[in-house]
Amino acid sequence: MPTLERPSLTRVASFFSEQGEPQNQLRSFHVGGTNGKGSVSTLIASMLSELGYHCGKFTGPHLMAFNERFVLDGKAMDDLSFARLATLVHDQSLSFCKEHENLGALTWFEFLMAMAVAYYTEEQVDYCVFEVGLGGRFDATNVLGNVAASVITNVDLDHMQFLGDTREKIAFEKSGILKANVPALTTCDGGALAVVLERAKAVGCPLYAIKNVALGASSSDIFQNFAIEYLTPQLDFQYVEEYVALLKKHVLTDDFASGLNGAYQRVNVLTALMALGVSGIVRRQIADDSMQTLASLKRGLGKASWPGRFEILEADKIVLDGAHNPHGAAALRTSLLDKFGGRRFVFIVTCFENKNAGGLLRALLSPQDLLLTFAPQSSERNMYKPGHLAEIAQNLGAQAVIADSFEHAVQLGRQTIAGQPDQYAPYLIAAGSFATVREAIKLFGASPELSGDSASAN
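Since the model is a prediction, treat every value here as computed from it, not as a measurement.

## Points about the overall build of the chain
Working step 1: When helices and strands are tallied, the chain shows 16 helices and 15 strands.
Working step 2: Rg of the C-alpha trace for the chain: 22 Å, near the compact-globule value of 23 Å for 458 residues, within the 12% margin.
Working step 3: Overall, the C-alpha framework of the chain stretches about 60 × 55 × 40 Å when taken along its three principal axes.
Working step 4: Taking all 458 residues of the chain together, 57% fall into the buried category.

What follows is the structure in structure tokens.
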């Protein structure tokens, strides 16, 4: 069937138009950025649920089953609902295609977006959190027309074949989600922030930026020293500053613990909290009962769960992290040093061919580390050959060994750690792609949060 040759929202916007614009019935948070957008989406949704709102969350990628992309009040969509809604949207897409042959059928991501809208409309949710799939300007989620707040977590080099080869070009694509009179929040800096600010001014979007959040800083430094800068004029900034003061005094205290592990989650926690703040959603609740509202926010952060992101399997002594680009790898490395100190690490890594393997391994490895790599048996995408990754690691001064399988890599890694327990951190690190994380889940068992009926599906 004919397809659009250039990126466009025409098809998905036309599809929803014929359905009566259901996406605009959903009061939503729209979360984009290079890294952290799934974590921020999860934290926002968890807090909204704890505040008493019926909340949906649409994210990607999934780890073991498509159901994981559709979460309602912390639970993945069940198989029967998935089958019913997939059939519904399939029929709608075929009918739409017959009427609009020049536009063609929905793409797979547009299809999933339509399923999410149908699901959350049926469930009559109070709020939804939608994670941008790719970029922002032409992402299917950008047809949302009832947005409470937009978020751009950060901008770094990833998906360059689609978004551009500089941070500024990528920022231009990601800032396409900004909308007139919809408050927006970002942790961008430098040239990327300048591009986002230019877009905000052009469309009349109130833009806030989180400052003083160096990745390697301690939790107390980040939580107590962060600041909010208001970059476009608005009268309500005093309320935002008051909200920040309340968070520092009552939420981000010494006993605070997020449900999401990893030093890099500290910035994500701040981003999620401030997204609720700039949206104005918590303003009335705080005015009515500030202590109860702040306690609910704290509980929501503590209950958040996002498998495969610095997920620690204590019984198996392994850390799972889907870091798949240089920025994510640097964040993972910082989190490992934060938890284990300056020890050597044993990494089990695979990497998709469309990723920057050299940049990822440079950010992840030190010359004292060991890289174990293998060829996943069931990846749906092309992977770098194990020999290629091993060569990069060796050129960086690290040791590298090619294993026969993930299970073999685990055996070799455990032998290495057992042979030098004072030198190596006691946990293996599975990273580089979600393909690596999936292999770990297959071997050690799925997290209970992944899916209700089909956590073992692929």
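## Considerations on the nonpolar core
Working step 1: If you look at the biggest cluster of nonpolar residues, it comprises 51 residues, and the most contacted ones within it are Phe 29, Ile 44, Tyr 243, Leu 252, Leu 273, Met 274 and Leu 297.
Working step 2: In this structure Phe 29 touches Ile 44, Leu 48, Tyr 127, Cys 128, Val 129, Phe 130, Ala 148, Ala 149, Ala 275, Leu 276, Ser 279 and Ile 281, once residues within four positions along its chain are discounted.
Working step 3: One finds Phe 96, Ala 114, Tyr 119 and Val 182 within the second-largest nonpolar core, a separate group that totals 34 residues.

## Considerations on the layout of surface pockets
Working step 1: Approximately 440 Å³ is the volume attributed to the second largest pocket.
Working step 2: Along the walls of the second largest pocket sit 27 residues, with Thr 42, Lys 57, Val 71, Gly 74 and Ser 305 positioned nearest its centre.
Working step 3: Contributing elements (two or more residues each) for the lining of the second largest pocket: helix 2 (37–50), strand 2 (55–58) and strand 4 (75–76).
Working step 4: A per-element tally of the lining of the second largest pocket places helix 2 first, with 5 residues.
Working step 5: A per-class count over the lining of the second largest pocket returns 10 nonpolar, 8 polar and 9 charged.

## Comments concerning the sheet that holds strand 2
Working step 1: Taken together, the 9 strands give an open sheet; going across it, the order is 4-3-2-5-1-6-7-8-9, and neighbouring strands pair in mixed fashion. Each having just a single partner strand, strand 4 and strand 9 (227–230) make up the two edges of the open sheet.
Working step 2: Here strand 8 (residues 207–211) runs beside strand 9; their pairing, made up of 4 bridges, is antiparallel. When the bridges of strand 9 are listed, Ile 210 appears paired with Ile 228.
Working step 3: The strands touched by helix 9 (residues 237–251) are strand 8 and strand 9; relative to strand 9, the strand with the most contacts, the crossing angle is about 170°.
Working step 4: Together, strand 1 (28–32), strand 6 (147–152), strand 7 (184–186), strand 8 and strand 9 form the strand contacts of helix 10 (residues 265–279), whose direction differs from that of strand 6 by roughly 145°.

## Comments concerning the side chain of Arg 11
Working step 1: Note that Arg 11 resides in helix 1 (residues 10–18).
Working step 2: You can call Arg 11 buried: its relative accessible area is 7%.
Working step 3: Within polar-contact distance, the side chain of Arg 11 engages the side chain of Glu 110 at 2.8 Å.

## Considering the pairing of strand 8
Working step 1: The buried fraction of strand 8 amounts to 4 of the 5 residues, a majority that puts the element mostly inside the structure.
Working step 2: With respect to chirality, the unit in which strand 7 leads through helix 7 (residues 190–203) into the neighbouring parallel strand 8 is right-handed.

## Notes on the side chain of Thr 373
Working step 1: Its location among the elements puts Thr 373 in strand 13 (residues 370–373).
Working step 2: Residue Thr 373 is classed as buried on the basis of its relative accessible area of 1%.
Working step 3: At 2.7 Å, the side chain of Thr 373 forms a polar contact with the backbone oxygen of Val 349.
Working step 4: For Thr 373, the contacting residues outside a window of four places in its chain are Val 349, Pro 386, Leu 389, Val 401, Ile 402 and Ala 403.

## What about helix 1?
Helical periodicity: at 3.6 residues per turn, an α-helix aligns residues three or four positions apart in one direction.
Working step 1: Along helix 1, the positions that sit buried rather than exposed are Arg 11, Val 12, Phe 15 and Phe 16. Burial along helix 1 is one-sided: seen end-on, the buried residues are contained in an arc of 125°.
Working step 2: Of the surrounding secondary structure, the elements contacted by the buried residues of helix 1 are helix 3 (79–99) and helix 4 (108–122).
Working step 3: With its phi angle positive at about 90°, Gly 20 sits one or two positions after the end of helix 1.

## Quick look at helix 14 (residues 386–395)
Working step 1: Among all positions in helix 14, only Pro 386, Leu 389, Ala 390, Ile 392 and Ala 393 are buried. In a view along the axis of helix 14, the buried residues occupy a sector of 160°, so they form one face of it.
Working step 2: Taken together, the buried residues of helix 14 touch strand 12 (344–349), helix 13 (357–364), strand 13 and strand 14 (399–402).
Working step 3: Downstream of helix 14 by a residue or two, Gly 397 has a phi angle that is positive, lying close to 95°.

## Some remarks on the packing of helix 9 against helix 11 (residues 283–303)
Working step 1: Direction vectors running N to C along helix 9 and helix 11 enclose 45°, while the axes themselves pass 11 Å from each other. Classified by the angle between their axes, helix 9 and helix 11 sit oblique to one another. For the crossing formed where helix 9 meets helix 11, the hand is right-handed. Residues Tyr 239, Tyr 243, Leu 246, Leu 247, His 250 and Val 251 of helix 9 form the contact with helix 11, whose own contacting residues are Arg 283, Ile 286, Met 291, Leu 294, Leu 297, Lys 298 and Leu 301.

What counts and what doesn't
Residues numbered from 1 in each chain as written. Predicted model: local features only at pLDDT ≥ 70, side-chain atom pairs only at ≥ 80, totals over all residues. Heavy atoms only, no water. Helix = DSSP H or I, 4+ residues; strand = E, 2+ residues; numbered from the N terminus. Rg over C-alpha atoms; globule rule 2.2 N^0.38 Å. Buried < 20%, exposed > 50% of the residue type's maximum accessible area, 1.4 Å probe, protein only. Core = buried A, V, L, I, M, F, W, Y, C linked by side-chain atoms within 4.5 Å. Contact = heavy atoms within 4.5 Å. 1 Å grid on protein atoms, 1.4 Å probe; cavity = no way out; pocket = protein on both sides within 12 Å on 5 of 7 lines; lining within 4 Å. Points joined across faces, edges and corners; volume = space filled by probe spheres on them. Nonpolar A, V, L, I, M, F, W, Y, C, P; charged D, E, K, R; others polar. Pairing = 2+ DSSP bridges. Axes fitted to C-alpha atoms, helices over the stretch in contact; angles between N-to-C directions. Polar contact = N/O pair within 3.5 Å; in protein donor to acceptor, adjacent residues only side chain to side chain. Right-handed = clockwise from strand over helix to strand, strands pointing away. Arc of directions from axis to C-beta. Parallel < 35°, antiparallel > 145°, perpendicular 65-115°, else oblique. Left-handed = near helix turned anticlockwise from the far one by under 90°.

Keep in mind that these numbers describe shape and distance, not what the molecule does.
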